[in-house]
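Single-letter residue listing:
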Amino acid sequence: MRHDSHAEHSEHAHHENHEQPANHEQHQHHEHHQHHTGGGKVSWSMAAQATLHCLTGCAIGEVLGMVIGTALGWDNLPTMALAIVLAFTFGYALTLRGILKAGVDFKTAFKVALAADTLSIAVMEIIDNGVLALWPGAMDAHLTDAFFWGVLAFALFAAFVITTPVNKWMIGRGKGHAVVHQYHH
């Protein structure tokens, strides 16, 4: 009789350690999923979604930086620097938003966002700004010119295409958006 009570107590204590058993079960499924997809067996779709997430923040920051720099009459270099800073800011902010929604404290969420997005955003910014800097006339085009927006669209597309394999590689090793993914379940 005493053994049954101990078993009940152990089972009850086990559940007390987890605030939301349903989330724990989903997390266990996710852990199994990671083992199943480990070793580089990540879908291109998953990598593309992670890249698109980063690209969204980058694009918002890039455009906002260019608009602000242009409105203030800045030269190309400070405008580009502002756009890069804002690209990282918005990229991290989008990731932070999702992690914080999952109930994670800010310090932990910030560390996760840094770990998940830094390489991805850096690669995007190198490609995006590299295309803009190297494309003849792109840096001198005005925000009202269709040419500018066409080159920017191409630059963002190139950044997406080149960063997707980077994200696939990182996720396959349990890094990048694989870290963020555990907070979305």
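Up top is the structure.
Quantities reported herein were computed from a predicted structural model and do not represent experimental measurements.

A. Structural view of the overall build of the protein chain. The secondary structure content of the protein chain amounts to 7 helices and 0 strands. Counted from the first residue to the last, the protein chain has its helices and strands arranged as α-α-α-α-α-α-α. Counting the 185 residues in the protein chain, one finds 35% classified as buried. Across the protein chain, the fraction of contacts at a sequence separation of at least 24, relative to all contacts at a separation of at least 6, is 70%.

B. The packing of aromatic side chains, seen in detail. Applying the stated criterion across every chain, the model contains 4 aromatic pairs. Judged by centre distance (5.5 Å) and plane angle (65°), the rings of Trp135 and Phe154 are edge-to-face. Pair noted here: Trp135 is in the loop between helix 5 (106–134) and helix 6 (146–172) and Phe154 is in helix 6, with a separation of 19 residues, a long-range link. Judged by its relative accessible area of 35%, Trp135 is partly exposed. On the numbers, 5.1 Å between centres and 85° between planes, the contact of Phe148 with Trp149 is edge-to-face. Under the relative-accessibility criterion, Phe148 is labelled buried at 6%. Residue Trp149 is classed as partly exposed on the basis of its relative accessible area, which comes to 35%. The positively charged end of Lys168 is found above the aromatic ring belonging to Trp44, 5.0 Å away from the centroid.

C. Quick look at the packing of helix 4 (residues 76–101) against helix 5. Packing of helix 4 against helix 5 leaves a shortest axis separation of 8 Å and a crossing angle of 145°. Relative to helix 5, helix 4 is oriented so that their crossing is right-handed.

D. Representation of the nonpolar core. In this structure, Met124, Ile127, Val131, Leu132 and Leu152 are the most contacted members of the largest nonpolar core, which totals 27 residues. Among the secondary structure elements, those contributing two or more residues to this core are helix 3 (44–71), helix 4, helix 5 and helix 6. The element best represented in this core is helix 5, accounting for 9 residues. Not counting chain neighbours up to four residues away, the residues in contact with Leu132 comprise Met66, Ala138, Met139, Val151, Leu152 and Ala155.

E. Highlighting the environment of Val131. Here Val131 shows up in helix 5. Sequence separation between Val131 and Val151 is 20 residues, and the spatial gap between their C-alpha atoms is 7.9 Å. For Val131, the contacting residues outside a window of four places in its chain are Val151, Phe154, Ala155 and Ala158.

What counts as what
Residues numbered from 1 in each chain as written. Predicted model: local features only at pLDDT ≥ 70, side-chain atom pairs only at ≥ 80, totals over all residues. Heavy atoms only, no water. Helix = DSSP H or I, 4+ residues; strand = E, 2+ residues; numbered from the N terminus. Buried < 20%, exposed > 50% of the residue type's maximum accessible area, 1.4 Å probe, protein only. Contact = heavy atoms within 4.5 Å. Phe/Tyr/Trp six-rings, centres within 6.5 Å; stacked < 30°, edge-to-face > 60°. Lys NZ or Arg CZ within 6 Å of the ring centre and 35° of its normal. Axes fitted to C-alpha atoms, helices over the stretch in contact; angles between N-to-C directions. Left-handed = near helix turned anticlockwise from the far one by under 90°. Core = buried A, V, L, I, M, F, W, Y, C linked by side-chain atoms within 4.5 Å.

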